[in-house]
Amino acid sequence: MNLKITLLVMLFITNIFASNFNATKLTSEEIKTLKEIKKQGKRHGLSYSLMAIAIKESSIGKYLVNVDSKDYGLYQANIKTVLSRQKAKNTSWNRNKYAMRLISDFQFATKNAIAELNYWKKVHKNDWKKVWSSYNGGWKYNSKRARNYSRDIAIIIKRLKRVNV
């Protein structure tokens, strides 16, 4: 019961952080992480989307595990999606193995987020509102939750572009 309450509080705090994100109050460590994300995403034209997703999903690495939704890492990748992308059998061993990689391996987590965004970019023919919605809601990209998520990502990107990250 205490674990559920803790996770609920962490989820609430994460959502507050994303909606009240202030790019001028980033710590030096957060700026360093965002610059590395920007560098990795540049080759794919996804720098700002990746940075905004890392802010929204994990508060730039503060919350790397969501036990309820089974999402892990900087970009909160869903473990079932990751297993499918890796062509790995859905076993307890593989779920744990890939969850740990998403949490501990920046490159792996970033490649996964890039693959996910590229998939939805293709599906939605570069309609970024739908791409961001699908990153959160999958095929339920028209749900209120997914649309709000997309709006939050757009707001975070605008705020990031105002500062030199």
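The structure reproduced in this document is the subject of the present report. This is a predicted model, so every value here is computed, not measured.

What counts and what doesn't
- Residues numbered from 1 in each chain as written.
- Predicted model: local features only at pLDDT ≥ 70, side-chain atom pairs only at ≥ 80, totals over all residues.
- Heavy atoms only, no water.
- Axes fitted to C-alpha atoms, helices over the stretch in contact; angles between N-to-C directions.
- Helix = DSSP H or I, 4+ residues; strand = E, 2+ residues; numbered from the N terminus.
- Parallel < 35°, antiparallel > 145°, perpendicular 65-115°, else oblique.
- Left-handed = near helix turned anticlockwise from the far one by under 90°.
- Contact = heavy atoms within 4.5 Å.
- Nonpolar A, V, L, I, M, F, W, Y, C, P; charged D, E, K, R; others polar.
- Pairing = 2+ DSSP bridges.

1. Quick notes on the packing of helix H3 (residues 47–58) against helix H6 (residues 106–123)
Now for step 1: Close contact between H3 and H6 brings their axes to 11 Å; oriented N to C, the two are set at 115°. By the angle between their directions, the pair H3 and H6 is classed as roughly perpendicular. Remark: the crossing between H3 and H6 carries right-handed chirality. Contact with H3, carried on its side by Ser49, Leu50 and Ile53, involves Thr110, Ala113, Ile114 and Leu117 of H6 and no other residues of that element.
Now for step 2: Here the residues of the contact of H3 with H6 are counted per class, giving five nonpolar, two polar and no charged.

2. Structural notes on the sheet that holds strand E1 (residues 65–66)
Now for step 1: Strand order in the open sheet formed by three strands is E1-E2-E3, with antiparallel pairing between adjacent strands. This sheet does not close on itself; its edge strands, each paired only once, are E1 and strand E3 (77–78).

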